[in-house]
Amino acid sequence: EDQVTQSPEALRLQEGESSSLNCSYTVSGLRGLFWYRQDPGKGPEFLFTLYSAGEEKEKERLKATLTKKESFLHITAPKPEDSATYLCAVQPPQGAQKLVFGQGTRLTINP
Amino acid sequence: DAGVIQSPRHEVTEMGQEVTLRCKPISGHNSLFWYRQTMMRGLELLIYFNNNVPIDDSGMPEDRFSAKMPNASFSTLKIQPSEPRDSAVYFCASSMGYQETQYFGPGTRLLVL
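Conventions adopted
Residues numbered from 1 in each chain as written. Chains lettered and ligands numbered in written order. Predicted model: local features only at pLDDT ≥ 70, side-chain atom pairs only at ≥ 80, totals over all residues. Heavy atoms only, no water. Phe/Tyr/Trp six-rings, centres within 6.5 Å; stacked < 30°, edge-to-face > 60°. Helix = DSSP H or I, 4+ residues; strand = E, 2+ residues; numbered from the N terminus. Buried < 20%, exposed > 50% of the residue type's maximum accessible area, 1.4 Å probe, protein only. Contact = heavy atoms within 4.5 Å. Buried area = accessible area lost by both parts, 1.4 Å probe. Salt bridge = Lys/Arg side-chain N within 4 Å of Asp/Glu carboxyl O. Polar contact = N/O pair within 3.5 Å; in protein donor to acceptor, adjacent residues only side chain to side chain. Nonpolar A, V, L, I, M, F, W, Y, C, P; charged D, E, K, R; others polar. Pairing = 2+ DSSP bridges.

## Topic: the packing of aromatic side chains
All names here are of chain B.
(1) Moving on: Scanning the entire structure with this criterion turns up 10 aromatic pairs over all chains.
(2) Moving on: Note on Tyr 35 and Phe 104: the rings are 5.2 Å apart at their centroids and 40° apart in plane angle, and the pair reads as tilted. Of the two residues, Tyr 35 sits in strand β4 (residues 31–38) while Phe 104 sits in strand β10 (residues 103–104), which places them 69 residues apart along the sequence.
(3) Moving on: Judged by its relative accessible area of 11%, Phe 104 falls in the buried class.

If you want it as structure tokens, here you go:
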């Protein structure tokens, strides 16, 4: 069964304190891995798609990387507005529209 | 550009009542997805449509749930009769093409008393 595990469940950082969120997955023949940001009371907002090991993508203070078994979302010098829940989802090759989501990491950035 | 539109944003109803959730996908997108999000189970796919045709409804919890997509710009998710355990946030998402990025709506927060 395809599984996605995110760690930590929650992370509290000081403004400017860089860190990484982890998403590990067990799926054969990954087609794509997605990162979303979700603010309270809102729908998930698309951030990145990664397709192959070694691939990296950046957006402002966020950088996503992918290996054969996990993905990291690195956040550099975060600001309070980066506080949100970050969701990872994998897209297996069979039934490729069926994203499998992790439980998310709740990130809090204190000023 | 307008994103995915969902209505109502909040719904409070009593057990046994019928609930209808509505979704308008992004114009030009031909795939539509219904998800449910709870604290215990996270985001779960209920059903998805491609070109208005239901492709996989294996995530629909039971026969009380049904979904339709009469045209490319409108879909409904109906629960009849509703039960307290159906309380959750229901999201609609759409994508352009079979395997492309899914964009989510703001969700409908459902509370069944």
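Having seen the structure, we can now continue with the description.
## Points about the interface of chain A and chain B
(1) Moving on: On the chain B side, the residues contacting the 18 residues of chain A number 26 residues.
(2) Moving on: Both faces considered, chain A and chain B share a buried interface measuring about 1,700 Å² in area, 47% of it formed by carbon and sulfur atoms.
(3) Moving on: The interface formed by chain A and chain B holds zero salt bridges in total.
(4) Moving on: Here chain A is connected to chain B by three residue pairs in polar contact (both at pLDDT 80 or more).
(5) Moving on: Taken together, the elements giving at least two residues each to the side of chain A that touches chain B come down to β4 (32–38), β5 (45–50) and β9 (84–91) of chain A.
(6) Moving on: Top contributing element to the side of chain A that touches chain B by residue count: β4 of chain A, with three residues.
(7) Moving on: Here the side of chain A that touches chain B is built from residues that sort into eight nonpolar, seven polar and three charged.

## As for the pairing of β9 of chain A
The side chains of a regular strand alternate between the sheet's two faces.
Residue and element names in this part refer to chain A.
(1) Moving on: Taking burial as the measure, the eight residues of β9 include seven buried ones, the bulk of the element.
(2) Moving on: The sheet contact formed by β4 and β9 spans seven bridges and is antiparallel. The residue bridging Gln 38 from the neighbouring strand is Thr 85, located in β9.
(3) Moving on: Of the strand pairs in this sheet, β9 and strand β11 (residues 105–110) are connected by three bridges, and their pairing is antiparallel. Among the inter-strand pairings, Thr 85 is bridged to a residue of β11, identified as Arg 106.
(4) Moving on: Pairing between β9 and strand β10 (residues 100–101): two bridges, direction antiparallel. Residue pairing for β10: Val 90 is matched across the bridge by Val 100.

What is shown is where atoms sit, not what they do.
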